[in-house]
Amino acid sequence: MKKLSVLLLLVLFSCKSDKQLEKENVLEAMFTIDCSKSLPLELRLSDLCEDVELVPLEATDDFLVGEIEHLKYAYNHFFVLDDSQSLYVFDRNGRGRTILNHKGQGPREYLDARSLDLTTDSLICLLTYPPKLMYYTLEGSFVRELRLGFQGFELSLLSDGQAAVYRNNVDCSAKSPSSLIEVVNLFHNVSKSYLPGYSCMPHRMLPSFQQNRVFTETENGETLFGDPLSNEIIGLDSTGVYVKYRLDFGSRNPDKYMSARLSDPSSSVVDFVQKQFPVYGFNSCWENSHYMYVQYFDSGKLQSLLYDKKRNLSYKGGILMDDLTGCNPRFLKATDEFLVAYWTAGEIISLADYLQMTGKDKDINPQLAEMISIVEKTENPVMGIYKFKR
């Protein structure tokens, strides 16, 4: 495994051309998956998991979740950050425990809460704008804050007092590639820059697909970074940054250093990506000691790749269908014991309306019937905890 060195970091931000950077930044991957040799993805969730437990999030006048910005499961709690800048904390059974909202312009307040993670001593850490890390107890009491020298859009706390912050592409230009990731030493508040941005789309944010999530935390303390436009899944831990998986699509691999440019500020980033990137939108990754899973778009069609690490086999095709509930979820994280996912109320209602209009609602999956019954009483998300087969 080759990890990015300080020397390579200097190379990333030198005055060398994009093509020179491309040649010098081809790193060896821990796992290279030749997608041309992948088997058809005909597996379903019931082939991996034996059952699923539905956990509806309590809906009272106070605990009504809006559009989800960020969702995390940790320490047997669900943490939901919505578009109102409120952070809702629910326990393992879905009961509302804490609401945290300190939006404002005064001390210990923020204009925008963008992401969150949990410390090893169970503190909530919010990534905010103006750029700060703000720490709270699970009960919502303020503990401390740390100012950052750059703005970020997603947070993952690493071991040994470090934090990975996704900067997106807003500071990247043709003259300065900037970086997508900053790894911050939280003790000394100094950071290192990793992974050059996309100078072909100067000062434009990279689009999100499926979920507004680029980081995946694993059970062994490693964080995976899924650049939405790259076929490389990056590993981050206390020892450095490295290419964990390279999905090889041959001549269709994405080209970060392409000659095409999105120079018109009014032009659509999504349109540019769909035109210039044959494969894009890498998202919804999860991993445990047995599997790695990721979704992506190939020529505009949503696809999935499941890699069985123990058998060294990969499968690719459409969605990993959920035949346990009859409603395909949004995946959050996995351990060797369980897989955590969720459904928005809107997704469940839309599926129920479709089944009713097509006359397919007479004999539906019992779990789906339960989900529909839940969201008829509340508009909160429904969590799912799938138990892996042994």
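Residues numbered from 1 in each chain as written. Predicted model: local features only at pLDDT ≥ 70, side-chain atom pairs only at ≥ 80, totals over all residues. Heavy atoms only, no water.

*Asks:* Looking at this structure, how should I read helix α6 (residues 366-377)?
*Replies:* Look at α6: 17 Å from first C-alpha to last across 12 residues, which is about the 16 Å you get at 1.5 Å a residue. Every buried residue belonging to α6 is among Q367, L368, M371, I372, I374 and V375, and all of these are buried. Projected down its long axis, α6 carries its buried residues within an arc of 160 degrees, all on one side. Within α6, the exposed residues directed more than 90 degrees away from the buried face are P366, E376 and K377. In the core, the buried residues of α6 are packed alongside β3 (49-56), β25 (338-343), α5 (345-357) and β26 (382-388). Residue N365 occupies the N-cap position of α6, its side-chain oxygen lying 2.7 Å from the main-chain nitrogen of Q367. (Helix = DSSP H or I, 4+ residues; strand = E, 2+ residues; numbered from the N terminus. Expected span 1.5 Å × (residues − 1). Buried < 20%, exposed > 50% of the residue type's maximum accessible area, 1.4 Å probe, protein only. Arc of directions from axis to C-beta. Contact = heavy atoms within 4.5 Å. Polar contact = N/O pair within 3.5 Å; in protein donor to acceptor, adjacent residues only side chain to side chain.)

*Asks:* Quick question: what am I supposed to make of the sheet that holds strand β13 (residues 162-166) here?
*Replies:* Sheet strands line up and pair through hydrogen bonds in the backbone, either parallel or antiparallel. As summarised here, the arrangement of the 4 strands in space is β12-β13-β14-β15, forming an open sheet in which the pairing is antiparallel. The sheet is open, and its two edges are formed by β12 (154-158) and β15 (190-196), each paired on a single side. Taken pair by pair, the neighbouring strands of this sheet meet at an average axis angle of 20 degrees, ignoring direction. Examined bridge by bridge, β13 and strand β14 (residues 179-185) share 5 bridges and lie antiparallel to one another. (Pairing = 2+ DSSP bridges. Axes fitted to C-alpha atoms, helices over the stretch in contact; angles between N-to-C directions.)

*Asks:* What am I meant to see in the packing of aromatic side chains here?
*Replies:* Two measures describe an aromatic ring pair: the distance that separates the ring centres and the angle between the ring planes. Tallied over the full model, the rule gives 24 aromatic pairs. Centroid distance F31 to Y245: 5.1 Å. Interplanar angle 20 degrees. Geometry classified as stacked. Of this pair, F31 sits in strand β1 (residues 31-34) while Y245 sits in strand β19 (residues 240-248), and the two are 214 residues apart along the sequence. Given a relative accessible area of 25%, F31 falls into the partly exposed group. (Phe/Tyr/Trp six-rings, centres within 6.5 Å; stacked < 30°, edge-to-face > 60°.)

*Asks:* Explain the environment of L247 here, please?
*Replies:* On the secondary structure map, L247 appears in strand β19. Note on L247: relative accessible area 0%, which makes it buried. As a C-alpha pair, L247 and S230 span 17 residues in sequence and 9.1 Å in three-dimensional space. Residues contacting L247, with those up to four places away along its chain left out, are I33, C35, N231, I233, N253, F282, M292, V294 and L305.

*Asks:* Got a minute to help me understand the nonpolar core in this structure?
*Replies:* One recurring pattern in soluble globular proteins: nonpolar side chains tend to sit buried together. Core analysis: the biggest nonpolar cluster contains 32 residues, and Y166, I181, M201, F225 and L236 have the highest contact counts within it. Taken together, the elements giving at least two residues each to this core come down to β13, β14, β15, β18 (232-237), β19 and α4 (269-276). Discounting residues that sit within four places of it in the chain, Y166 has contacts with G152, F153, E154, L180, I181, L206, V214, F215, F225 and P228. Counting 31 residues, the second largest nonpolar core, distinct from the first, contains L339, M371, V375 and F388. (Core = buried A, V, L, I, M, F, W, Y, C linked by side-chain atoms within 4.5 Å.)

*Asks:* Even after reading the chapter, I still don't get the sheet that holds β25, so can you show me in this structure?
*Replies:* The strand order across the open sheet formed by 4 strands is β3-β26-β25-β24, and the pairing between neighbours is antiparallel. The outermost strands of the open sheet, each flanked by one partner alone, are β3 and β24 (330-334). Across this sheet, the average inter-strand angle for adjacent strands is 25 degrees, counted without regard to direction. Of the pairings in the sheet, the one linking β24 to β25 comprises 4 bridges and is antiparallel in character. Residue F331 lies in a different strand from β25, and its bridge partner there is A341.

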